[in-house]
Amino acid sequence: FSDATSFLTYLNVKGLVTFYGPSVMAGFAQLKHAEPGYAGHIRDILYGDKFPYRYPRYEKWANGYKDWRNPELLGQFTELQEDGDGLVIIQGRGEVEGTLWGGCIEVLEFLKGTGFWPGEDFWNDKILFFETSEEKPLPQNVGYMLRNYGMQGIFDKVKAVMFGRPRDYSEEEKKELYSIVSSIVKEEFNAPDLPIIMNAEYGHTDPKIVLPIGGRLKINLDEKYLELLESPFE
């Protein structure tokens, strides 16, 4: 996740399916202290053969880690919080399917205007997913980044826009983020029917799900769940 956005997205543009999810230290190292469903999810995605696969919802999550310089705290999360909101549907209804592409919204800014940025036809049939980093960009700054996608006409081509759970945001900041994203997509770029999903379980909070960039995803907006439609290895 995060910095890996640069090569994960580019390699996908070149034809590879890549995996956006936990790393060795920010992910696998926490398995001992996470709920059993975390390890089970990773096994299901990487080694399972049951597809379509409905993504789990974790009951508790954390914004970060304790001080691992203390051996007694190795692999432990900071204070766990209850999963109260689940997926937040800003707009859209029914079901939508598309091919996953995206990553850390701040890192993607570095790629715009370079040879690593996809061409105009690339965005058709995509589910565009973002997450915010541990630097916690202000909601209005996320809005600035999002407007650029609108100016490229991307909201007219993608099937949905999805954001991961924002790390370290207060409830007020989350509400502000939701409002800004909705206003930009719906009002500024006249896309009131484009599904917008917030608070998905990937990015800089833990535990996180694995999203195959290039995989086919279905989002059920009414029942609020994500489903990977096919094996990312086929």
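The rules we used
Residues numbered from 1 in each chain as written. Predicted model: local features only at pLDDT ≥ 70, side-chain atom pairs only at ≥ 80, totals over all residues. Heavy atoms only, no water. Helix = DSSP H or I, 4+ residues; strand = E, 2+ residues; numbered from the N terminus. Expected span 1.5 Å × (residues − 1). Buried < 20%, exposed > 50% of the residue type's maximum accessible area, 1.4 Å probe, protein only. Arc of directions from axis to C-beta. Contact = heavy atoms within 4.5 Å. Phe/Tyr/Trp six-rings, centres within 6.5 Å; stacked < 30°, edge-to-face > 60°. Lys NZ or Arg CZ within 6 Å of the ring centre and 35° of its normal. Pairing = 2+ DSSP bridges. Patch = residues over 30% accessible without salt bridge, like charges linked within 9 Å, V, L, I, M, F, W, Y side chains within 5 Å. Areas by Shrake-Rupley, 256 points an atom, 1.4 Å probe, with all protein chains shown as cover. Salt bridge = Lys/Arg side-chain N within 4 Å of Asp/Glu carboxyl O.

**Some details on helix α4 (residues 139-151)**
Here α4 contains 13 residues, and its C-alpha end-to-end distance of 19 Å stays within 8% of the 18 Å for a straight helix at 1.5 Å per residue. Every buried residue of α4 is listed here: P139, V142, G143, M145, L146, Y149 and G150. For α4, the buried positions fall inside an angular range of 165° around the axis, keeping them on one side. Residues of α4 that are exposed and point over 90 degrees away from its buried face: Y144 and M151. Looking at the buried positions of α4, the neighbouring elements they touch are α3 (105-111), β7 (126-131), β8 (160-164) and α5 (171-188). Taken from the residues just after α4, G153 is the one with a positive phi, measuring 80°.

**Regarding the packing of aromatic side chains**
How two aromatic rings sit relative to each other is set out by the distance from centre to centre and by the angle between their planes. Overall, the coordinates contain 17 aromatic pairs when judged by the stated rule. Arranged with centres 5.7 Å apart and planes meeting at 75°, the rings of Y38 and Y58 form a pair that is edge-to-face. You can see Y38 sitting in helix α2 (residues 36-47) and its partner Y58 sitting in the loop between β2 (53-54) and β3 (60-61), a full 20 residues away along the chain. Across this residue pair, the class does not change: Y38 and Y58 are buried. R54 extends its terminal NZ or CZ atom over the ring of Y225, reaching a point 3.5 Å from the ring centre. A cation over an aromatic ring shows up here: K136 above the ring of Y169, its NZ or CZ 6.0 Å from the ring centre.

**Section: the pairing of strand β11 (residues 216-220)**
Looking along a regular strand, one sees side chains alternate from face to face of the sheet. The element β11 is largely enclosed, with a buried count of 4 among its 5 residues. Of the strand pairs in this sheet, strand β6 (residues 95-104) and β11 are connected by 5 bridges, and their pairing is antiparallel. Opposite E97, over in β11, you have K218 as the bridge partner. Of the pairings in the sheet, the one linking β11 to strand β12 (residues 225-228) comprises 4 bridges and is antiparallel in character. When the sheet's bridge partners are listed, I219 is paired in β12 with L226. The antiparallel pairing of β11 with β12 creates a hairpin that spans 4 residues between the two strands, and K224 there sits at a positive phi of about 60°.

**Topic: a nonpolar patch on the surface**
On the surface, F7, L11 and L16 cluster together into a nonpolar patch covering about 280 Å² of accessible area. As for its placement among the helices and strands, L16 is situated in the loop between α1 (5-13) and β1 (18-20).

**Comments concerning the pairing of β6**
Counting buried residues along β6, 8 of its 10 residues qualify, which places the element largely inside the surrounding structure. Judged from the 6 bridges that link them, β6 and β7 form a sheet pairing that is parallel. The residue bridging C104 from the neighbouring strand is E131, located in β7.

Such coordinate-based values are descriptive only and should not be taken to indicate function.
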